[in-house]
Amino acid sequence: MIDWVYRNRHRIQLAGLLLVVCGLGVAIGIEVAAGLAIVGAAALLLAAVQPQLLARLRSRQGRRRAPRNGHLPGTDTDDVKPPSRSES
């Protein structure tokens, strides 16, 4: 799920911004409570694609996968040395 959100983060951001605009239009033109509910939904949608939150979730996901990749559980990304081009 996190990978899907990360791959589609720009589309999700656009959808969130469109919901904000629609919510403001509904709040101004039709009903304030309904418009604010739409803006609240947009805020939740936009919060899901914040860079800090995505980075933290991807980091946690990587730490969970590390033992299955042959790395020790406490391994950071800085501790892993990528193979050099001559070794490939």
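Everything here concerns the structure above.
As a starting point, this report considers the structure included with it. (Residues numbered from 1 in each chain as written. Predicted model: local features only at pLDDT ≥ 70, side-chain atom pairs only at ≥ 80, totals over all residues. Heavy atoms only, no water.)

## Regarding the overall build of the protein
Next, step 1: Helix and strand counts for the protein stand at four helices and zero strands.
Next, step 2: In sequence order, the secondary structure elements of the protein are arranged as α-α-α-α.
Next, step 3: Relative to its 88 residues, the protein shows a buried fraction of 17%.
Next, step 4: Long-range pairs, those at least 24 residues apart, make up 55% of the contacts in the protein between residues at least 6 apart in sequence.
Next, step 5: Of the accessible surface of the protein, which amounts to about 7000 Å², a share of 62% is contributed by carbon and sulfur atoms. (Helix = DSSP H or I, 4+ residues; strand = E, 2+ residues; numbered from the N terminus. Buried < 20%, exposed > 50% of the residue type's maximum accessible area, 1.4 Å probe, protein only. Contact = heavy atoms within 4.5 Å. Areas by Shrake-Rupley, 256 points an atom, 1.4 Å probe, with all protein chains shown as cover.)

## Observations concerning the environment of Leu54
Next, step 1: Residue position: Leu54 is located in helix H4 (residues 51-65).
Next, step 2: The buried category is assigned to Leu54, whose relative accessible area is 4%.
Next, step 3: In the structure, Leu54 is positioned 49 residues away from Val5 in sequence and 8.5 Å away in space, judged by C-alpha atoms.
Next, step 4: Leaving out residues up to four positions away in the same chain, Leu54 has contacts with Val5, Tyr6, Arg9, Ala48 and Val49.

## A closer look at helix H2 (residues 9-29)
Next, step 1: Compared with an ideal rise of 1.5 Å per residue, which puts 21 residues at 30 Å, H2 spans 30 Å between its outermost C-alpha atoms and is within 8% of the ideal.
Next, step 2: Those residues of H2 lying buried are Ile12, Gly16, Gly23, Val26 and Ala27. Projected down its long axis, H2 carries its buried residues within an arc of 90 degrees, all on one side. More than 90 degrees from the buried face of H2, the exposed residues found are His10, Arg11, Leu14, Leu18, Val21, Ile28 and Gly29. (Expected span 1.5 Å × (residues − 1). Arc of directions from axis to C-beta.)

Limitation: the analysis is restricted to geometry and does not speak to function.
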